[in-house]
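# What the coordinates show
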Amino acid sequence: WIAQRKFNDTRNLLHVEPGHQMSVWSRHGQAHKRFFLSNAMRQEILASLRLEAGLEYWIDGGVMNKTKDGPNCLVFFDILQAGRYFFDSPDQMRRLEILHDLCGNPTVKTDNGLALKVSENIWLAETFTEGFVERFQEAESTDMIEGLVLRRRDSTLDNFGKVEYEVDWQIRCRKPNTNYNF
């Protein structure tokens, strides 16, 4: 298993077409109601990501717009397509390598230390291979983190997401709050 912080975000799928036209989508495959890509954000994406000409991309992530003092930036945590949809290959670890490379292999953390800084308004979720309990406990000190997402290292994308939350290779570990009572 690997883990990433589960951000208190609005799920966001970034679609970049071969001609670099961009759109953003909710987890339900619909246009967002409270978020759109400004021209400045489009330019920041083009300047910050290593997009190959002629390829189509789908990048999985979120928009940090749910907390009062949130930064309203994009945070990426997986890539679903780079040229072709990653159906049955590559596995989770290879997809993360591709995403890190696409983001320029950042090593500097954001000012709050919660992610890797790709650019001012683009973050990359860190991936952890150990210390999951400690990482989960970090969520107690900030509203920007809900908990952790665990994924099997060897997991592959085996469907197009027709059934929400129906995969056996991912577990969401959320701290208790008014939306998630245990």
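The structure under discussion appears in the preceding block.
Residues numbered from 1 in each chain as written. Predicted model: local features only at pLDDT ≥ 70, side-chain atom pairs only at ≥ 80, totals over all residues. Heavy atoms only, no water.

### Section: the sheet that holds strand E9 (residues 170–174)
- Read across the sheet, 3 strands follow the order E1-E8-E9 without closing on themselves; strand pairing throughout is antiparallel. Because the sheet does not close on itself, it has two edges, and the strands there are strand E1 (2–7) and E9. Taking each pair of neighbouring strands and ignoring which way they run, the sheet shows an average axis angle of 25°.
- Sheet analysis places E1 next to strand E8 (residues 145–151), joined by 6 bridges and oriented antiparallel. Bridge assignment links Phe7 to a residue of E8, and that residue is Ile145. (Pairing = 2+ DSSP bridges. Helix = DSSP H or I, 4+ residues; strand = E, 2+ residues; numbered from the N terminus. Axes fitted to C-alpha atoms, helices over the stretch in contact; angles between N-to-C directions.)

### Thoughts on the side chain of Ser155
- Topologically, Ser155 is positioned in the loop between E8 and E9.
- Those residues within four positions of Ser155 in sequence are excluded, and the remaining contacts are Pro90, Asp91, Gln92, Arg95 and Trp169. (Contact = heavy atoms within 4.5 Å.)

### Notes on the environment of Leu114
- Mapped onto the secondary structure, Leu114 falls in the loop between helix H2 (92–102) and strand E6 (116–119).
- The spatial distance from the C-alpha of Leu114 to the C-alpha of Ala82 is 26 Å, given a sequence separation of 32 residues.
- The contacts of Leu114, once residues within four sequence positions are left out, are Arg5, Phe7, Glu126, Met144 and Ile145.

### A look at the nonpolar core
- Of all hydrophobic cores here, the largest spans 29 residues; its most connected members are Leu14, Leu37, Ile45, Leu49, Ile59, Phe76 and Ile79.
- When residues in this core are grouped by element, the largest group, 4 residues, is from strand E5 (residues 74–82).
- Here Leu49 is in contact with Ile59, Phe76, Leu102, Cys103 and Val118, once residues within four sequence places are set aside.
- Ranked by size, the runner-up nonpolar core spans 12 residues in total, among them Met64, Cys73, Trp123 and Ala139. (Core = buried A, V, L, I, M, F, W, Y, C linked by side-chain atoms within 4.5 Å. Buried < 20%, exposed > 50% of the residue type's maximum accessible area, 1.4 Å probe, protein only.)

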